[in-house]
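Examination of the molecular architecture
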Amino acid sequence: MENGEQYFYSIAESFKSPNKDVETFLKAKAVQATKLNTATTYLVYKEISPIEIDLVGYFSLAMKMLTLKKSSLSSSKEKVISRFGYYDEDSDSYKVPAILVAQFGRNFDDESASVSGNDLMTITLNQVKTALSYLSGKTVFLECEKEQKLIDFYKEQGFILLDNEITSKNSKELLQMYRLI
């Protein structure tokens with residue numbers, strides 16, 4: 001293991017989340033995802049001293065295709081979406097290259113100063129905007145558990161709920177939400 005990985009793991013060790021999938025990803029899967037180029041993880045921290053930081057949250061981004069059913073789009077949204085993706089007749093849907101917010105989590109450790117969800121989302125969307133400025137595109141999406149508190153939070157952040165449900169690898173039902181940047 002390289003020194004950079006050791007440092008990463010030493011920082012990630014302090015991360016606690018009520019959602020064990022979010023915690024496990026950071027502690028056990030983030031480095032591998034980066035090595036495989038499937039997602040990039042960003043640590044959000046507050047500097048305590050020149051040699052000590054407080055990990056307050058993190059997020060992971062990945063480039064994916066988002067499928068939007070034509071029937072779920074209003075005519076005005078369809079017009080906008082058609083500028084960023086292409087229509088697939090076989091599936092009667094639009095395929096849109098987008099950035100997936102693959103992981104998103106605040107640190108709930110008692111020792112951490114933490115960060116508000118709103119602030120963490122602002123940081124995340126600023127990074128998405130930067131990535132899209134290099135890549136092109138305007139779409140970001142995420143998948144969240146069917147919990148009203150989460151859905152409401154993401155709606156407050158400008159995300160629109162899609163009418164499709166997916167099942168995660170660990171059999172959890174997830175909803176997809178998207179927004180244009």
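In short, a report on the structure. Quantities reported herein were computed from a predicted structural model and do not represent experimental measurements. (Residues numbered from 1 in each chain as written. Predicted model: local features only at pLDDT ≥ 70, side-chain atom pairs only at ≥ 80, totals over all residues. Heavy atoms only, no water.)

This part is about the nonpolar core. Membership of the largest hydrophobic core comes to 23 residues, with the highest contact counts inside it found for F104, M121, L142, Y154, F159 and M177. Top element by residues in this core is helix α4 (residues 117-135). It accounts for six residues. Apart from residues no more than four positions distant in its own chain, F104 is found in contact with V22, Y58, F59, G117, L120, M121, T124, F153 and Y154. If you look at the next biggest cluster of nonpolar residues, it comprises 14 residues, including F25, A30, A33 and A39. (Core = buried A, V, L, I, M, F, W, Y, C linked by side-chain atoms within 4.5 Å. Buried < 20%, exposed > 50% of the residue type's maximum accessible area, 1.4 Å probe, protein only. Helix = DSSP H or I, 4+ residues; strand = E, 2+ residues; numbered from the N terminus. Contact = heavy atoms within 4.5 Å.)

What follows concerns α4. Taking 1.5 Å as the rise per residue, α4 with 19 residues should run 27 Å; its terminal C-alpha atoms sit 26 Å apart, in good agreement. Taken together, the buried positions of α4 are occupied by G117, L120, M121, T124, L125, V128, A131 and L132. Buried residues of α4 fall within an arc of 130° about the axis and therefore sit on the same side. Residues of α4 that are exposed and point more than 90 degrees away from the buried face comprise S133 and Y134. Where α4 is buried, its residues touch β1 (40-49), β2 (52-69), β4 (93-106), β5 (139-145), α5 (148-156) and β7 (173-180). Phi turns positive one or two residues past the end of α4, at S136, with a value near 90°. (Expected span 1.5 Å × (residues − 1). Arc of directions from axis to C-beta.)

With that settled, consider the pairing of β2. Here β1 runs beside β2; their pairing, made up of nine bridges, is antiparallel. What sits directly across from S49, in β2, is E52. The sheet contact formed by β2 and β4 spans 13 bridges and is antiparallel. Its bridge partner lying in β4, L61 is registered against V101. (Pairing = 2+ DSSP bridges.)

Turning to the packing of helix α1 (residues 3-12) against helix α2 (residues 20-35), a few remarks are in order. Helix packing geometry: the angle between the two helix axes and the distance between the axes. Here α1 crosses α2 at 145°, and the two axes come no closer than 10 Å. For the pair α1 and α2, the crossing hand works out as right-handed. Along the contact surface, α1 presents E5, F8, Y9 and A12, while α2 presents L26, K27, A30, V31 and K35. Considered class by class, the residues forming the contact of α1 with α2 number six nonpolar, no polar and three charged. (Axes fitted to C-alpha atoms, helices over the stretch in contact; angles between N-to-C directions. Left-handed = near helix turned anticlockwise from the far one by under 90°. Nonpolar A, V, L, I, M, F, W, Y, C, P; charged D, E, K, R; others polar.)

Here we take up the pattern of salt bridges. By the definition in use, this model includes five salt bridges. Two residues, E23 and K20, come together in a salt bridge whose shortest N-O distance is 3.1 Å. Residue E23 and its partner K20 are both found in helix α2; the two are separated by three residues, about one turn of the helix. Overall, the relative accessible area of 10% leaves E23 in the buried class. The partner of K70 in a salt bridge is E78, and the shortest N-O contact between them spans 3.7 Å. Shared partners join several salt bridges into a network, and the residues in it are K20, E23 and K27. (Salt bridge = Lys/Arg side-chain N within 4 Å of Asp/Glu carboxyl O.)

Taken by themselves, the reported measurements are silent on function.
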